[in-house]
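# Descriptive analysis of the structure
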Amino acid sequence: LGAVAEAVVVPVSDAEFGARPVAFVRPTAAFDAAALRAALRRTLPGFMVPAAIHAWPGAVGLKPDRPALTQEAERRAAAWKREEDGDPDPQSLGP
């Protein structure tokens, strides 16, 4: 967890699972999201482990805009859902 300078976790609504936590992290160095999730699984209860971890968009030092991060997480979740359903929308897929 030493590669993370800051993190923000926002809830994303999921019809199947209810609200799921999604994390945005500001790394101090390159980080591996899968390794970070594995480390969090060892230390947190399952319901607190983020369903997804993304690099924090925006400039360093700015206060997190939680509504914007929630919208970004929901946009990404919708894109993943379309991919899982076999109906990708190229307009919504992106970094």
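Below, the structure is looked at part by part.

With that out of the way, let us pick up the overall build of the chain. The helix and strand inventory of the chain stands at two helices and three strands. Taken from N to C terminus, the helices and strands of the chain fall in the order β-β-α-β-α. Sorting the 95 residues of the chain into buried and exposed places 26% on the buried side. In the chain, of all internal contacts separated by at least 6 residues, the share reaching a separation of at least 24 is 51%. With an accessible surface of roughly 6,200 Å², the chain has 57% of that area assigned to carbon and sulfur atoms.

Here the focus is the pattern of salt bridges. Here the structure, examined in full by the defined rule, presents one salt bridge. Of the charged contacts in the structure, one is a salt bridge between Arg26 and Glu6, with a shortest N-O distance of 2.8 Å. Within this pair, whereas Arg26 is found in strand β2 (residues 18-27), its partner Glu6 is found in strand β1 (residues 4-14), the two being separated by 20 residues in sequence. A relative accessible area of 8% means that Arg26 is categorised as buried. Judged by relative accessible area, which is 34%, Glu6 ranks as partly exposed.

With that settled, consider the nonpolar core. Within the largest apolar cluster, nine residues are counted, these being Val8, Val10, Val12, Val22, Phe24, Ala52, Trp56, Leu69 and Ala73. Going through the elements one at a time, β1, β2 and α2 (66-84) are the ones with two or more residues in this core. In terms of residue count, β1 provides more of this core than any other element does, three residues in total. Once you skip the residues sitting within four places of it in the chain, Val10 turns out to touch Arg20, Pro21, Val22, Phe24, Arg66, Leu69, Thr70 and Ala73.

Bringing helix α1 (residues 33-43) into the picture now. Regarding α1, the residues found buried are Leu36, Ala39 and Leu40. Buried positions in α1, seen along its axis, are confined to an arc of 100° and lie on one side of it. Residues of α1 that are exposed and point more than 90 degrees away from the buried face comprise Ala34 and Arg42. Against the buried residues of α1 lie β1, β2 and β3 (52-55).

Each value, and the rule that gives it
Residues numbered from 1 in each chain as written. Predicted model: local features only at pLDDT ≥ 70, side-chain atom pairs only at ≥ 80, totals over all residues. Heavy atoms only, no water. Helix = DSSP H or I, 4+ residues; strand = E, 2+ residues; numbered from the N terminus. Buried < 20%, exposed > 50% of the residue type's maximum accessible area, 1.4 Å probe, protein only. Contact = heavy atoms within 4.5 Å. Areas by Shrake-Rupley, 256 points an atom, 1.4 Å probe, with all protein chains shown as cover. Salt bridge = Lys/Arg side-chain N within 4 Å of Asp/Glu carboxyl O. Core = buried A, V, L, I, M, F, W, Y, C linked by side-chain atoms within 4.5 Å. Arc of directions from axis to C-beta.

Scope: geometric values only; no functional claims are made or implied.
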